[in-house]
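Residue-level listing of the chains:
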Amino acid sequence: GAALLVQEFPARVGPFIQKSIGQGASLEQLSVDGAPAYFITGAHGFAYETADGVDFEDQRLAGNTLLVERADGLLLRVEGEVSRDQAVAVARSVP
């Protein structure tokens, strides 16, 4: 079986995403049901904006990661050894 991490929390990632991608990683911008989304492969950090400012998770070797900025103000993070299409399907299943 595959391990999958799914998180949601009040945050935005937009202005910071391109500055936290490591060498050898790739970033694809896409839309998930009209919401801005980012699919990352390879080592990456994770910077995000909260009501109190900016937080940053150090760069690490992570599984593929999909970040979705939902219209309700929540940032959805789907991480694991999944394809982009599988991650999008998981994101769409989160109410």
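Scroll up to find the structure this text is about.
In this report, the structure presented in the accompanying data block is examined.

Thresholds, definitions, all that
- Counting from 1, residues in each chain are numbered in the order their sequence is written.
- pLDDT decides what is reported in this predicted model: residues at 70 or higher carry local features, side-chain atom pairs at 80 or more are listed and counted, and totals for whole chains, interfaces and linings draw on all residues regardless.
- Here the side-chain values reflect all heavy atoms present in the structure, with hydrogen atoms and water set aside.
- Only when DSSP finds a minimum of two bridges between them are two strands counted as paired.
- Every helix listed is a DSSP run of H or I at least four residues long, and every strand listed is a run of E at least two residues long, numbered separately from the N terminus.
- All axes here are fitted lines through C-alpha atoms, helices being fitted over the stretch that makes contact, and every angle between N-to-C directions spans 0 to 180 degrees.
- The criterion used for residue contact is that any of the two residues' heavy atoms lie within 4.5 Å.
- Exposed residues in this analysis have more than 50% of their type's maximum accessible area, buried residues have under 20%, and partly exposed residues fall in between, with area computed by a 1.4 Å probe over protein chains only.

**Re the sheet that holds strand S6 (residues 64-69)**
Here is step 1 of the chain: The five strands lie next to each other as S1-S7-S6-S3-S2, forming an open sheet whose pairing is antiparallel. Single-partner strands in this sheet number two, and they are strand S1 (4-10) and strand S2 (26-32). For this sheet, the mean inter-axis angle between neighbouring strands, taken without regard to orientation, is 15 degrees.
Here is step 2 of the chain: In this structure, strand S3 (residues 35-41) lies alongside S6, joined through four bridges in antiparallel fashion. Bridged to Phe39 within S6 is Leu66.
Here is step 3 of the chain: Packed onto the sheet, helix H1 (residues 84-93) meets S1, S2, S3, S6 and strand S7 (74-80) and runs at close to 40 degrees relative to S2.

**Things to note about the pairing of S6**
Here is step 1 of the chain: Most of S6 is tucked away: six of the six residues are buried.
Here is step 2 of the chain: Going residue by residue along S6, you find Asn64, Leu66 and Val68 tucked away on one face and Thr65, Leu67 and Glu69 tucked away on the opposite face as well.
Here is step 3 of the chain: Here S6 pairs with S7 via six bridges, running antiparallel. The residue of S7 that forms the bridge with Leu67 is Arg77.

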